[in-house]
Structure formats: structure tokens, C-alpha cells
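# Results of the structural survey
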Amino acid sequence: MIRDITLGQYYPADSILHKLDPRVKLVATITFLVALFLINSWIGYLVATVFLVSVIRLSKVPFRFIVRGLKTIFIILLITLVFNLFLTPGDRVLVQIWKLKITDRGLHTAIFMAIRLIYLIIGSSLMTLTTTPNDLTDGLETLLGPLKKLHVPVHEVSMMMSIALRFIPILLEETDKIMKAQIARGADFEHGNLIQRAKNLVPLLVPLFISAFRRANDLAMAMEARCYRGGEGRTKMKPLIYTGKDYCAYGILLLFLAAIIAVRVLL
Amino acid sequence: MEERKEMITADKLAYNYIKYDEEGREKEKIRAVDGVSFEVEKGDFVAILGHNGSGKSTLAKHINALLTPSEGTLWVNGMDTSDEKNLWDVRQSAGMVFQNPDNQIIGTIVEEDVGFGPENMGVPTKEIWERVEESLKAVNMLKYRHHSPNKLSGGQKQRVAIAGVVAMHPKCIVLDEPTAMLDPNGRKEVIRAVRALNQVEEITVILITHYMEEVIYANKVLVMDDGKVVMQGTPREIFSQVETLKSYRLDVPQATLLAWELKQAGLDLPDGILTREELVEALCRLY
Amino acid sequence: MSIVLENVCYTYSPGTAYEIHALKNINLEIREGQFIGLIGHTGSGKSTLVQHLNGLVKATSGHIYFNGEDIYAQNYDMRRLRGKVGLVFQYPEHQLFEVDVLSDVCFGPKNQGLSREEAEKRAREALRMVGISEEYEKQSPFDLSGGQKRRVAIAGVLAMEPEVLILDEPTAGLDPKGRDEILDQISLLHKERGITVILVSHSMEDVAKYVERIIVMNQGEVMYDDVPREVFRHYKELERVGLAAPQVTYIMHTLKEKGFDVDEDATTIEEAKKTILEAFRKKGSTT
């Protein structure tokens with residue numbers, strides 16, 4: 001289960017998408033999400049599909065890997081599908097089971113919503129799959145840079161985010177280990193009512209918190225030992241500089257958005 | 001001007017941990033380091049031994065100015081570590097590698113982690129890349145530069161941590177039990193990397209360890225007990241005192257122990273045999 | 001009373017590209033009262049194997065019988081099994097969570113359904129077994145030293161009165177004396193109480209010194225399963241899979257090559273000392 005979460009996971013590969021400036025990818029993801037909500041016709045989806053499929057191909061991330069990320073939202077997907085399918089009123093009834101009706105519009109909306117949701121997840125996971133968390137936070141830091149003037153601690157927040165991202169897999173592994181160790185001592189995490197179950201989590205949560213604090217302490221010391229003293233006077237190993245391919249990507253993105261709008265307005 | 005020979009000089013260095021009670025009053029004072037004086041020369045490989053709680057980690061943190069002495073003075077490359085304005089120069093001259101490889105890697109990609117120190121120091125971008133490449137090469141990890149640290153073995157992670165320090169171009173590296181959490185192969189990799197840095201790059205090394213086999217590569221050994229330096233000498237001098245070491249909760253390498261046992265039983269073996277080759281040779285001479 | 005493994009296989013993420021065969025057709029019998037050493041490099045499957053023995057991980061195929069009963073049978077009481085087969089994980093002190101030492105050790109027995117008094121009685125007994133005296137009982141486990149925490153955590157498993165005790169690298173990160181103390185205590189438990197002990201270790205010296213049977217794991221398979229001197233006779237094969245033999249083994253083999261009349265299969269310091277002295281004596285009587 002834990003292994004299946006691809007959202008927020010980086011997939012190392014050597015592709016043009018991996019090499020794009022993270023700012024481009026952030027802007028592109030937002031643009032793509034907005035575009036998805038602008039779409040109201042099959043042709044619009046066709047444009048989005050062509051765009052998405054080409055981006056996936058360019059990213060060199062195996063398709064299977066991307067699909068695996070969808071497993072985690074399967075339940076949400078199913079619920080939306082069922083709700084839209086049965087609860088949308090329409091003119092023509094296609095199937096009727098007891099009091100539940102599937103109408104033509106219901107079917108239409110259900111499929112539209114499902115595709116939208118799937119594309120939404122694929123679109124955003126493509127960004128995290130092709131961008132290292134550090135690049136991502138760097139991109140955010142630069143994009144949000146103007147906020148520094150308003151005394152928003154942009155550097156600190158982005159540093160915190162990238163550290164959190166690095167430690168998520170470590171803490172997940174640790175959770176698994178402590179859980180097993182307590183089960184070996186006869187702990188029961190599966191039975192009992194809600195209150196009992198919550199109480200049973202104490203032997204898991206206390207060691208986990210202690211470990212997280214210990215790690216935080218160690219890490220702070222290690223960072224200080226390596227001369228970390230906040231964002232000031234810091235240089236960057238990978239400074240964000242737009243190159244030809246980034247401008248090119250912005251161009252393509254603009255074309256895509258224009259196409260989506262054109263489809264919506266003209267058809 | 002003649003260049004200074006000593007890298008680290010400690011003069012009656014002491015450190016007190018103060019424990020407070022609930023109302024913030026001083027409850028207990030623990031003297032973790034108790035009047036320690038020693039000297040480390042440039043290019044030295046110094047091993048520090050001592051049981052858990054003997055004060056060796058506390059001492060190590062002073063060399064990087066993570067702690068400053070409560071009493072006495074510590075000079076690192078001629079700089080007084082108590083002087084606030086030397087802080088960043090001290091940390092850059094004396095890098096530090098810790099025990100848990102997971103808790104000291106900041107970057108999510110190997111090369112980004114190695115670049116973290118130089119970034120903090122304000123090194124220009126182009127030079128950071130050069131430093132990252134040469135540091136990863138120095139610990140033989142260049143081919144993993146694009147990997148995620150989470151996918152590496154313990155020994156590999158620890159070498160990345162070492163590269164992260166090397167990229168800061170330190171004069172000296174302090175390693176606080178870098179091999180304690182590793183398996184035998186990981187330990188070998190790390191020690192090999194550390195020895196190469198000492199011999200090829202001529203970086204002064206201070207290695208804290210519980211593994212006696214790692215100590216034989218040092219040219220100087222300090223033994224700590226109860227916050228004091230109780231023994232100082234070459235590995236041979238230190239390991240010829242098997243019983244004294246045992247009284248400090250320490251051990252000797254297996255070959256040394258066997259030689260000592262045989263000597264107790266009446267064989268005329270020399271003191272302070274360190275390796276199995278030496279032992280075999282000495283036995284052959286007698287046979 | 002024994003644990004029998006029959007054709008046990010375990011595969012991670014079967015059917016995907018990430019499929020890993022962690023255990024391949026394991027057949028073993030763990031007989032009552034044995035002191036077994038389990039060795040293998042990181043990733044050889046030894047940790048997965050021990051987690052099968054108390055049902056924490058379920059085999060993909062194959063059977064495990066505890067005292068003749070199939071543990072995968074319907075209605076088999078897994079929690080009772082976990083009380084009978086105690087598993088101490090690596091760095092067990094990371095699982096401590098209670099407000100005081102005694103309550104923490106009581107956690108296991110209380111989960112077994114014992115009354116508070118009974119649990120405390122067992123906890124006290126277990127704490128004495130690992131050498132933690134009464135004065136520590138009401139202390140917070142987090143205020144103890146590293147070695148003491150480790151022992152309290154081991155007591156937490158002992159208090160469940162297991163028939164089989166599995167320890168995954170119980171000495172990792174301890175100083176030499178701390179290592180010896182823990183292993184001596186475990187050895188004593190084995191002798192006095194007749195508990196079956198499985199010791200997972202990276203230290204060939206420790207394994208040679210304490211255990212009567214060694215199981216060597218490599219790439220998910222049992223590579224050797226024999227008494228120490230027989231297993232270490234294959235030191236060259238062990239090296240090929242990233243393991244090694246005790247230092248003593250190498251010394252003995254080199255001595256033998258140099259013409260010494262010694263028993264080259266000696267694996268401990270005591271054995272080596274005896275056979276070397278013997279060789280000198282024989283030599284002395286002929287010349």
C-alpha cells in the first residue's frame with residue numbers, strides 16, 4: 001500500500017521533461033489543471049489527451065508507474081463515478097435498476113468527471129515524478145520570491161518542505177518497524193472499537209514521535225555543522241535559469257491553452 | 001611565515017552539561033569532558049576510543065564548534081573556537097560526520113546533498129559542481145550522483161555524508177562513530193574512504209570508534225574515560241596494554257588478544273602485535 | 001518442541017516489476033534448546049526469515065510448524081505464538097514508550113492477558129535476568145544509558161517467557177564491554193533456562209564464540225547449516241558472498257600453510273591458543 005503512493009515521488013530518468021526548469025513545470029501543471037476545468041466537449045478532451053500523452057512519452061516515465069499512482073484514489077474515483085452516474089437528472093433513461101436511473105446526461109457527466117479526475121492526478125504526479133523535491137521547492141521559492149518583501153519566510157518554508165519530503169519514506173519505514181516490534185510483543189492494532197484502537201496506537205505513536213524528534217535534532221546539528229545559517233549569503237548549486245527549451249515549453253503551453261479556449265469558444 | 005604544524009590544540013578543555021529542574025533551576029552539573037589537553041598535527045590520523053558515555057562525542061562536537069568549552073581553550077587551525085567571529089571558519093575547517101547516515105543527509109539526490117555545504121558557504125555555482133564531482137570521486141560514489149540516498153546501503157550513505165564534508169574543503173574531518181550502524185562490508189568501505197582522504201588528500205582525520213580493527217590505521221590513539229584522556233600513544237603502544245584497556249571497557253583486535261593470551265601462556269612474543277600477519281610472522285620466528 | 005520450516009518461500013510485491021524473491025524454498029528445523037547463529041550480509045533474507053518464525057510475515061508458499069502445529073492453519077492463535085517465539089528487533093530501545101521501566105516491560109505480559117500483579121512479577125524477573133536492578137524500575141526508560149535501554153527492551157520480550165528467543169543484532173552500536181555483557185547474559189539464559197536462542201549477527205567472532213550451530217543465508221537461500229568449525233572451513237566461499245570467517249580462522253590457516261602442526265579449524269581465541277601451544281609442545285618434544 002505504502003509503496004503504491006506515487007504522488008510526491010521522484011522517478012529518475014534522463015528526459016527533456018526532467019531537464020525543464022521547475023518553474024515551467026509548476027506553471028504548466030497549474031495551466032493544465034485550469035484547462036481541464038475549461039473543457040466542456042469531447043474535442044477538448046481529445047486536445048488534452050494528445051497533450052498529456054505526448055508529455056508522458058517525453059517524460060520517459062513508464063506508463064505503468066503513473067497508473068499505479070491512480071490506485072490510491074480509486075475509491076474517490078468510484079464514488080464520484082457512482083454519484084454522477086445515478087444522481088444526474090437527464091432526458092433519456094438508459095438503464096433503470098429499482099429507483100436508480102442512469103440517464104444519458106448522467107453517463108456523460110460521470111465519464112467527464114472521471115476523466116477530469118484521472119487527468120488531474122496524472123498531470124500533477126507527472127510534475128512530481130519528473131522534478132526532484134528540491135527542484136520543486138526551489139521553483140516554488142523563486143516563484144513566490146516576491147512574497148519575501150512582505151516578510152513571508154519563503155526560504156525557510158521551502159527548506160522545511162524539502163526536508164519533510166526527504167524524511168517521509170524514512171518515517172514510513174520506521175512506522176512499519178515499530179509496528180512489527182510491538183506486534184511481536186503482543187500488541188493488537190486491528191481489533192476493538194474506535195476508542196480502544198486509538199488507545200492501542202500509543203505504543204506506536206510515542207516511539208515514532210521520539211524518533212522524529214531525535215532525527216530532527218540530529219539533522220539540525222548536521223546542518224549547522226555544514227555551515228547552514230538560513231537563506232542569506234547562500235549560493236545555489238542549481239540556480240534556476242531559463243534556457244531555450246524552457247521558453248519553447250512556455251510557447252507550447254500557450255498554444256495548448258489557446259487550443260482549449262478555442263475549442264470551448266468556437267465549438 | 002612558517003606554516004603552523006598543529007591542526008588542533010586543546011588546553012585543559014572542560015565541558016559541563018547542566019540539567020535543569022521543572023522551575024528552571026540548576027539541578028545537576030555533569031562534567032562530560034574534564035580538563036583535556038592534547039594536540040593533533042596536520043595530516044594526522046587520530047583515533048579516539050572510549051566506552052559509551054566517556055565523553056568522546058562531546059569532545060568531538062567541540063572541534064566543529066557545535067559546543068564551546070565551559071573551561072579551557074580549543075584552537076582549530078589556529079582559531080579559538082570560543083570566539084564567535086571564528087564560528088563559520090571553524091566549521092568550514094573541521095567538517096563533521098555523524099553516526100546515523102539517515103539523519104545527516106539533507107538532499108533528496110546524492111549530488112544535491114554534497115552541494116549543500118558549499119551552497120551554505122556561498123561558493124559560486126560553477127565551483128560547487130567541480131567540488132561535488134571531485135568529492136564524490138574521492139569517496140568512489142560518483143556513479144551514484146543522481147541516485148536517491150534512500151536507495152543506498154548504509155556504507156554508501158555514509159560515504160555520501162563524507163563527500164558532503166569533503167566538498168567544503170576542510171583541513172580536518174571529525175568522524176563520530178561513522179561505522180557503528182553499518183555491516184562489516186559497509187564498515188570496510190567507509191574506512192577505506194577515510195584512509196584515502198588522509199593519505200591522498202592529506203586531510204587530518206579524527207576517528208571515533210568502537211571497532212578496534214579500525215584503530216590500527218591511526219598514527220595516534222587517544223583513550224577517554226570519564227571525561228579524561230587516560231591513554232595516548234601509537235596503536236602499538238596502546239594495544240600492548242590489554243588489561244588497562246579492558247578496565248576502560250574496551251577491547252583489542254583479535255590478533256592482539258590471541259598474541260597476548262599466548263604470551264601469558266609463556267610464548268616469547270613481542271608486545272603490541274596489531275595484525276594477523278604480524279602474529280603469524282612472530283610465531284614463525286619462534287617455531 | 002521445535003520449529004519446522006517446510007519449503008518456505010517469500011516474495012515481495014509478487015507479479016510486479018519490483019518482484020523480489022526474499023526467501024527461496026527454505027527447509028529448516030530449529031530444535032529445542034539450541035543456540036543458533038544466523039549470518040548473512042544485508043539483504044540476504046535473514047531478517048525476513050526471522051519474521052516468519054513468529055508469524056509477523058506470512059510465507060508466500062510453504063509451511064511452518066511450531067511444536068507440530070501448522071501456524072497457518074485456520075484458528076491458529078498467532079498472538080500466543082508471538083508469546084512463545086519472542087523476537088527482539090534491531091535497536092529494540094526504539095520501541096520503548098511507557099512512563100517507567102517496569103510498565104514498559106509489563107506491556108508484553110499484559111497483552112498476553114495476565115493480571116497486573118502477575119505481569120509485574122514477570123517483568124521484575126525479566127529485568128533481573130538482563131541485569132537491571134530494582135532502583136531503575138520507576139525511572140523513565142528514556143533517562144537510561146544506551147546499553148541499559150537496550151537491556152530493558154530485551155527484558156520486554158523476555159517477560160513474555162518465550163520458549164524461543166530471536167535477537168536481531170542485539171549488540172549493534174554498543175561499546176565492546178556492552179557487547180560482551182549482553183551476549184554473556186543471553187548465553188547464561190540459554191544455559192540456565194534452556195531457552196532456544198537464535199542470534200542474528202554480523203560479527204563472526206561473536207558467532208564463533210557463543211553458538212553451537214550456524215545458518216548462513218545467501219540470496220534468500222540457506223547456504224550452510226552446520227557447527228561453526230565446519231561452516232568456517234568454507235571461509236573462501238563465505239568471502240565470495242561478502243562474508244568472512246573469524247580472524248582466528250585466517251590465522252590458523254596461514255599457520256597451517258607455514259608448516260605448523262595446528263588444528264586449522266579452531267574458531268575461537270581459546271581453541272586457537274590451545275592448539276598453538278600444543279603445536280609448540282609437540283615440536284619441543286621432537287627437537
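Please read these numbers as outputs of a predicted model, since none were measured by experiment.

Along the backbone of chain B there are 11 helices and 10 strands. A compact globule built from 287 residues should have a C-alpha radius of gyration of about 19 Å, and chain B, at 20 Å, falls within 12% of that. Across its three principal directions, the C-alpha atoms of chain B cover 65 × 55 × 50 Å. Burial analysis of chain B (287 residues in total) assigns 58% to the buried set. Sequence-distant contacts in chain B: of pairs separated by 6 or more residues, those separated by 24 or more amount to 63%. Accessible area of chain B: about 11800 Å², with a carbon and sulfur share of 44%. For chain B, the centre of its 34 positive side-chain charges and the centre of its 46 negative side-chain charges are spaced 2 Å apart.

Looking now at the sheet that holds strand 10 (residues 221-226) of chain C. Residues and elements named next belong to chain C. As summarised here, the arrangement of the six strands in space is 6-7-8-3-9-10, forming an open sheet in which the pairing is mixed. In the strand order of this sheet, the two ends are held by strand 6 (85-88) and strand 10, each with one partner. If you compare each strand with its neighbour and ignore which way they point, the axes differ by 15° on average. Where strand 7 (residues 164-168) lies against strand 8 (residues 196-200), five bridges are found, and the strand directions are parallel. Paired with I166 across the two strands is I198, which belongs to strand 8.

Before going further, it helps to spend a moment on unusual backbone geometry. Residue and element names in this part refer to chain B. A positive phi is found at R249, a non-glycine position, where the angle reads about 65°. Structurally, the position occupied by R249 is in the loop between helix 9 (242-247) and helix 10 (254-264). The class of R249 is partly exposed, set by a relative accessible area of 26%.

Here the focus is the pairing of strand 7 of chain C. Residues and elements named next belong to chain C. Within strand 7, five of the five residues are buried, leaving the element largely enclosed by the surrounding structure. Of the two faces of strand 7, the one carrying V164, I166 and D168 and the one carrying L165 and L167 are both buried. Where strand 6 meets strand 7, four bridges bridge the pair, whose relative direction is parallel. In the strand pairing of strand 7, V85 is matched with V164. In this fold, the crossover linking strand 7 to strand 8 by way of helix 6 (residues 176-193) has right-handed handedness.

Before going further, it helps to spend a moment on the domain arrangement of chain B. Residue and element names in this part refer to chain B. Taken domain by domain, chain B holds domain 1 (6-246) and domain 2 (253-287). On a C-alpha basis, the centres of domain 1 and domain 2 stand 32 Å from each other. Each partner contributes residues to the interface: domain 1 has 10 residues there, and domain 2 has 11 residues. Roughly 920 Å² of surface becomes buried between domain 1 and domain 2 when both sides are summed, with 70% attributable to carbon and sulfur atoms. Contact with domain 2 buries surface across domain 1, with I216, R236 and V242 losing the most and accounting together for 49% of the total. Scanning the region where domain 1 abuts domain 2 turns up one salt bridge. At the boundary of domain 1 with domain 2, the tally comes to three residue pairs in polar contact (both at pLDDT 80 or more). Those elements that provide at least two residues to the side of domain 1 that touches domain 2 are helix 7 (212-215), helix 8 (235-239) and helix 9. Across the side of domain 1 that touches domain 2, the residue classes break down as five nonpolar, one polar and four charged.

Considering all chains together, one arrives at 17 aromatic pairs over all chains under this definition. When the ring of F51 of chain A is compared with that of F256 of chain A, the centres are 4.0 Å apart and the planes differ by 15°; the resulting orientation is stacked. One end of the pair, F51 of chain A, is in helix 3 (residues 42-59); the other, F256 of chain A, is in helix 11 (residues 244-266), with 205 residues separating them in the sequence. An angle of 85° between the planes, with centres 5.1 Å apart, marks the rings of Y15 of chain B and Y17 of chain B as edge-to-face. The class for Y15 of chain B is buried, based on a relative accessible area of 14%. An aromatic cluster is built from W42, Y45, F112 and Y119 of chain A, whose rings are joined through pairwise contacts. Above the plane of the ring of Y250 of chain C lies R276 of chain B, whose end atom (NZ or CZ) is 4.2 Å from the centre.

Turning our eyes to something else, we now look at helix 11 of chain A. Residue and element names in this part refer to chain A. The end-to-end C-alpha distance of helix 11, which contains 23 residues, comes to 32 Å, matching closely the 33 Å that a straight helix rising 1.5 Å per residue would cover. Residues of helix 11 that are buried include every one of D246, A249, L253, F256, I260 and V263, and no others. Buried residues belonging to helix 11 abut helix 2 (22-38) and helix 3.

What follows concerns the environment of I43 of chain A. Secondary-structure assignment places I43 of chain A in helix 3. If near-sequence neighbours (up to four positions away) are discounted, I43 of chain A is found in contact with V263 and L267 of chain A.

Let us now look at the interface of chain A and chain B. Listed as interface residues are 32 residues of chain A and, on the opposing side, 39 residues of chain B. The junction of chain A with chain B conceals about 3200 Å² of combined surface from both sides, 56% of it contributed by carbon and sulfur atoms. Its largest share of buried area at the contact with chain B, chain A owes to R166, R226 and M237 of chain A, together 30% of the area lost on that side. Ionic pairing is found between K238 of chain A and E111 of chain B, a salt bridge with its closest N-O pair at 3.0 Å. The tally of links from chain A across to chain B stands at 18 residue pairs in polar contact (both at pLDDT 80 or more). Counting only elements with at least two residues in the side of chain A that touches chain B, the list comes to helix 7 (133-143), helix 8 (154-184) and helix 10 (202-225) of chain A. Looking at the side of chain A that touches chain B, the element that brings in the most residues is helix 10 of chain A, giving eight residues. Residue composition of the side of chain A that touches chain B, grouped by class: 17 nonpolar, five polar and 10 charged.

One broad rule of soluble globular proteins: the nonpolar side chains tend to lie buried together. The biggest cluster of nonpolar side chains holds 73 residues, and the ones touching the most others in it are I162, V223, F239 and L283 of chain B together with L255 and I276 of chain C. For this core, the two domains that each supply at least three residues are domain 1 (6-246) and domain 2 (253-287) of chain B. Beyond its immediate sequence surroundings of up to four residues, I162 of chain B is in contact with V97, V139, L175, V190, V194 and L197 of chain B. Core analysis: the next-biggest nonpolar cluster, separate from the first, contains 49 residues, F35, I39, C106 and L158 of chain C among them.

Criteria and cut-off values
Residues numbered from 1 in each chain as written. Chains lettered and ligands numbered in written order. Predicted model: local features only at pLDDT ≥ 70, side-chain atom pairs only at ≥ 80, totals over all residues. Heavy atoms only, no water. Helix = DSSP H or I, 4+ residues; strand = E, 2+ residues; numbered from the N terminus. Rg over C-alpha atoms; globule rule 2.2 N^0.38 Å. Buried < 20%, exposed > 50% of the residue type's maximum accessible area, 1.4 Å probe, protein only. Contact = heavy atoms within 4.5 Å. Areas by Shrake-Rupley, 256 points an atom, 1.4 Å probe, with all protein chains shown as cover. Lys, Arg positive; Asp, Glu negative; His and termini not counted. Charge placed at Lys NZ, Arg CZ, Asp CG, Glu CD. Pairing = 2+ DSSP bridges. Axes fitted to C-alpha atoms, helices over the stretch in contact; angles between N-to-C directions. Right-handed = clockwise from strand over helix to strand, strands pointing away. Domains from an automatic or database assignment. Buried area = accessible area lost by both parts, 1.4 Å probe. Salt bridge = Lys/Arg side-chain N within 4 Å of Asp/Glu carboxyl O. Polar contact = N/O pair within 3.5 Å; in protein donor to acceptor, adjacent residues only side chain to side chain. Nonpolar A, V, L, I, M, F, W, Y, C, P; charged D, E, K, R; others polar. Phe/Tyr/Trp six-rings, centres within 6.5 Å; stacked < 30°, edge-to-face > 60°. Lys NZ or Arg CZ within 6 Å of the ring centre and 35° of its normal. Expected span 1.5 Å × (residues − 1). Core = buried A, V, L, I, M, F, W, Y, C linked by side-chain atoms within 4.5 Å.

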